[in-house]
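Structure at a glance
Okay, here's what each chain looks like letter by letter:
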Amino acid sequence: MSSRKPVIAGNWKMNTTPAEGQTLAKAIADGTRESPNVEVIVSPPFTGLSDVSQAVAGSNVQVSAQNVSSEQSGAFTGDVSVSMLEGLASHVIIGHSERRGLSCETDGVVAAKAVAVQAAGMTPILCIGETEDIRKLGNPVESVRSQLRDSLVGVSDWESLIIAYEPVWAIGTGAAASPQQAQAIIGEIRQELEQLAGPEAASKIRILYGGSVNSNNIGPFVDQPDIDGALVGGASLQADEFVRIVEMTARLENKTA
Ligand code: 13P
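The sections below set out a description of the structure shown in this document. (Residues numbered from 1 in each chain as written. Predicted model: local features only at pLDDT ≥ 70, side-chain atom pairs only at ≥ 80, totals over all residues. Heavy atoms only, no water.)

1. Remarks on the layout of surface pockets
Vacant regions in the atomic arrangement are exposed by a probe of water-molecule size rolled over the atoms. Put simply, the test is: Using a 1 Å grid laid over the protein atoms alone, points where a 1.4 Å probe fits but cannot get out form a cavity; open sets with protein on both sides within 12 Å along at least 5 of 7 lines form a pocket; any residue with an atom within 4 Å of a point counts as lining. Grid points are joined across faces, edges and corners, and a volume is the space filled by probe spheres set on the points. Strands here mean DSSP runs of E at least two residues long; helices mean DSSP runs of H or I at least four residues long; both are numbered from the N terminus.
The calculated volume of the largest pocket comes to roughly 300 Å³. In terms of lining residues, the largest pocket is bounded by 13 residues, among which K13, M14, Q66, E98 and R99 are the most central. It is helix 3 (residues 97-102) that contributes the most residues to the lining of the largest pocket, three residues altogether.

2. Remarks on the sheet that holds strand 4 (residues 91-94)
For the record, the criterion: Each pair of strands is called paired provided DSSP finds at least two bridges between the two strands. Inter-axis angles, ranging from 0 to 180 degrees, are taken between N-to-C directions of lines fitted to C-alpha atoms, where helices are fitted over the stretch in contact. Note on contacts: a residue pair is in contact if any heavy atoms of the two residues lie within 4.5 Å.
An order of 1-2-3-4-5-6-7-8 is seen for the eight strands of this closed barrel, with the pairing classed as parallel. Taking the axes of each pair of neighbouring strands and ignoring which way they run, one obtains an average angle of 25 degrees across the sheet. In the sheet, strand 1 (residues 7-11) pairs with strand 8 (residues 229-232) via four bridges, with the strands oriented parallel. Directly across from V7, in strand 8, lies its bridge partner G229. Lying over the sheet, helix 6 (residues 141-151) contacts strand 5 (123-128) and strand 6 (162-165), oriented at roughly 150 degrees with respect to strand 5.

3. Examining unusual backbone geometry
The cut-off we apply is this: The cut-offs for exposure are 20% and 50% of the maximum accessible area for each residue type, with area from a 1.4 Å probe on protein chains only; residues under the lower value are buried, those over the upper are exposed, and the others partly exposed.
The backbone phi angle of T16 is positive, close to 80 degrees, even though this residue is not glycine. Looking at the secondary structure, you find T16 in the loop between strand 1 and helix 1 (18-31). On the accessibility criterion, T16 (21% relative accessible area) is partly exposed. A positive phi angle is found at S212, which is not glycine, with a value near 60 degrees. Locating S212 in the fold gives a position in the loop between strand 7 (206-210) and helix 9 (218-222).

4. Considering helix 6
Side chains three or four residues apart in an α-helix point the same way, a direct result of the helix having 3.6 residues per turn. This is how the line gets drawn: Within this analysis, the arc is defined by the directions that extend from the helix axis to the C-beta atoms.
Listing the buried residues of helix 6 in full gives V141, V144, R145, Q147, L148 and S151. Buried residues of helix 6, viewed axially, fall in a sector of 160 degrees; they line one side. In this structure, the buried side of helix 6 is in contact with helix 3, helix 4 (107-119), strand 5, strand 6 and helix 7 (179-197).

5. Considering the environment of L208
For L208, the location among the structural elements is in strand 7. Look past the residues within four positions of L208 in its chain and what remains in contact with it is V7, I162, I163, A164, Y165, I186, D228, G229, A230 and L231.

6. Comments concerning the pattern of salt bridges
Pairing between side chains of opposite charge can happen when the charged atoms of each approach one another. How we decide: Salt bridge, as used here, is a side-chain nitrogen of Lys or Arg placed within 4 Å of a carboxyl oxygen of Asp or Glu.
Evaluation of the coordinates by the stated rule reveals 16 salt bridges. Residue E105 pairs with K113 through a salt bridge whose shortest N-O separation is 2.8 Å. Residues E105 and K113 agree in their burial class; the two are buried. The shortest N-O distance in the salt bridge between E142 and R149 comes to 3.2 Å. Judged by its relative accessible area of 45%, E142 falls in the partly exposed class. Overall, the relative accessible area of 30% leaves R149 in the partly exposed class. Here the salt bridges do not stand alone but share partners, grouping E142, R145, R149, E188 and E192 into one network.

7. What to know about the nonpolar core
Selection criterion: By nonpolar core we mean a set of buried residues, namely Ala, Val, Leu, Ile, Met, Phe, Trp, Tyr and Cys, connected to one another through side-chain atoms within 4.5 Å.
Ranked by internal contacts, the top residues of the largest apolar core, which has 64 residues, are I8, I28, I163, I189, L193 and Y209. Take this core: its biggest share by element is six residues, from helix 10 (residues 239-256). The contacts of I163, once residues within four sequence positions are left out, are L126, I128, L148, I189, L193, I205, R206, I207 and L208. Formed by ten residues, the second largest nonpolar core is a distinct cluster that contains A9, I93, C127 and L231.

8. Looking at the side chain of E241
Condition: Counting of polar contacts relies on pairs of N or O atoms within 3.5 Å, with two restrictions inside protein: one atom must be capable of donating a hydrogen and the other of accepting it, and residues adjacent in sequence are counted only when both atoms are side-chain atoms.
Position of E241 among the secondary structure elements: in helix 10. Here S215 takes part through its backbone nitrogen, which lies 2.7 Å from a polar atom of the side chain of E241. Engagement of the side chain of E241 in a polar contact is seen with the side chain of R244, the distance being 3.0 Å. Setting aside anything within four residues of it in sequence, one finds E241 in contact with N214, S215 and A235.

Take it as geometry only, folks, not as evidence of what the structure does.
What follows is the structure, given as structure tokens:
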């Protein structure tokens with residue numbers, strides 16, 4: 001762990017009604033009050049943003065949307081623009097592998113979203129990561145580095161950016177990458193950021209690991225020099241488990257601070 005403030009973000013994906021989200025968010029807000037040295041973010045579906053943002057008001061917990069359009073308004077049925085998130089979210093997850101895969105979002109589309117999110121004063125949580133096929137071919141590094149470069153075209157605000165490295169084969173499978181595997185790629189991601197943003201800016205950008213993270217395996221991930229927290233899927237849907245992940249991270253942070 002470094003001097004960068006760690007981030008634990010929960011991606012609820014297509015789960016929780018507004019009422020369930022409100023209950024979950026309240027429990028997380030209550031449970032993480034004693035961990036102010038960790039940035040805690042929850043990401044409900046669009047329909048839950050309003051109730052969840054009210055539920056966490058005045059707490060340590062910030063709210064992220066799971067997606068957004070790069071367009072400002074108009075004939076885009078089913079989409080939501082950055083201005084519609086005003087007052088509801090401080091962060092937006094973009095380029096999640098489920099959107100890249102199921103909705104055919106290209107790096108170019110993701111880059112346009114990153115620019116729109118920053119222009120609206122919010123922080124993108126940019127997801128990148130190699131598929132199982134690319135992993136099998138041997139060396140995923142170049143694929144991840146080029147995905148990063150191409151998903152950041154047009155971005156110039158390096159202070160408002162979080163990266164999440166989520167190897168697709170580790171998402172929802174229970175088979176997390178090893179902390180060493182994740183560190184190796186995340187170290188490469190930081191090198192790529194050095195080229196894009198310069199060494200000083202790159203040293204401040206938080207890079208998270210995502211893929212089958214839980215309270216039993218979080219410790220060794222956040223112990224790695226370049227890993228600044230986690231983007232958590234399934235385990236973020238249970239308040240106790242998610243709070244434990246935050247607590248483990250806070251404990252390690254206190255030890256090294
Ligand atoms: P899991 O933690 O369920 O593997 O999901 C990871 C993820 O996709 C977070 O965005």
